[in-house]
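Observations on the three-dimensional arrangement
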Amino acid sequence: MKKLVLTLALVIGMLTANAQFFVGGQLGLTYDNDTENTTFRIAPEFGYAFNDAWTVAGMIGYTHMDNYNSFYIAPYARWTFFTKDFVSLLVDGGFGISTGKHKGASSVNGFEIGFKPGIAFNLTDEFSLVAHCGFLGYRDKYNGSSVSGLSLTGNDLSVSLYYKF
């Protein structure tokens with residue numbers, strides 16, 4: 001029994017020796033002149049980096065437009081495949097589920113599964129800025145949109161700030 005506990009402690013210690021937790025997320029406020037809609041979005045993220053290449057994380061988000069509210073949750077795995085100085089290239093693979101409601105209408109549930117390429121700028125040892133552009137996968141009524149294949153719209157552009165500890 002002592003050997004088992006010691007072995008487990010050693011394995012956990014080796015897995016977490018270079019690991020880091022991080023928190024961060026997205027915050028947005030936009031106004032569309034054409035539709036005269038104001039959109040507010042908040043999406044905190046939290047995660048765990050096993051090493052320089054692999055991370056698991058999740059996002060919980062809320063979006064509010066004039067007559068629409070949406071809540072979503074999206075766990076993902078991140079693979080960082082290239083790093084040079086303070087710049088890294090990465091791809092997030094995951095899925096998400098959402099529920100949204102237009103005022104006076106029934107709730108609509110949606111989901112997505114796919115990949116989001118991105119670039120990270122490691123500003124300091126603790127702070128990183130990560131930008132994603134595009135989505136490759138399947139999305140059905142997720143946060144009010146549907147996609148099958150590649151999407152490069154403004155809705156698929158995001159910037160996040162992370163703090164590692």
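Source: prediction; values computed, not measured.

Digging into the pattern of salt bridges
Inspection of every chain in the model, using the stated rule, returns four salt bridges. Residue R139 pairs with E112 through a salt bridge whose shortest N-O separation is 2.8 Å. Here the residue R139 occupies a position in strand 8 (residues 135-142), and E112 occupies one in strand 6 (residues 107-122), the gap between them amounting to 27 residues. Comparing R139 with E112, the two get one shared label, buried. Through salt bridges with shared partners, a single network forms among E112, K116, R139 and D156.

A closer look at the nonpolar core
Counting residues in each nonpolar core, the largest one holds seven residues, listed as F22, A57, Y76, L90, A120, V130 and Y162. V130 has contacts with R78, L90, I119, A120, S158, V159, S160 and Y162, leaving out every residue within four places of it along the chain. Judged by nonpolar contacts, the second largest core, of five residues, contains A43, M59, Y72 and Y142.

Some remarks on unusual backbone geometry
Backbone geometry at E36 places phi at a positive 55°, although glycine is not the residue there. Assessed through its relative accessible area of 56%, E36 is described here as exposed. Not every positive phi belongs to a glycine, and K141 is a case in point at roughly 55°. One can find K141 in strand 8.

Rules used throughout
- Residues numbered from 1 in each chain as written.
- Predicted model: local features only at pLDDT ≥ 70, side-chain atom pairs only at ≥ 80, totals over all residues.
- Heavy atoms only, no water.
- Salt bridge = Lys/Arg side-chain N within 4 Å of Asp/Glu carboxyl O.
- Helix = DSSP H or I, 4+ residues; strand = E, 2+ residues; numbered from the N terminus.
- Buried < 20%, exposed > 50% of the residue type's maximum accessible area, 1.4 Å probe, protein only.
- Core = buried A, V, L, I, M, F, W, Y, C linked by side-chain atoms within 4.5 Å.
- Contact = heavy atoms within 4.5 Å.

Keep in mind that these numbers describe shape and distance, not what the molecule does.
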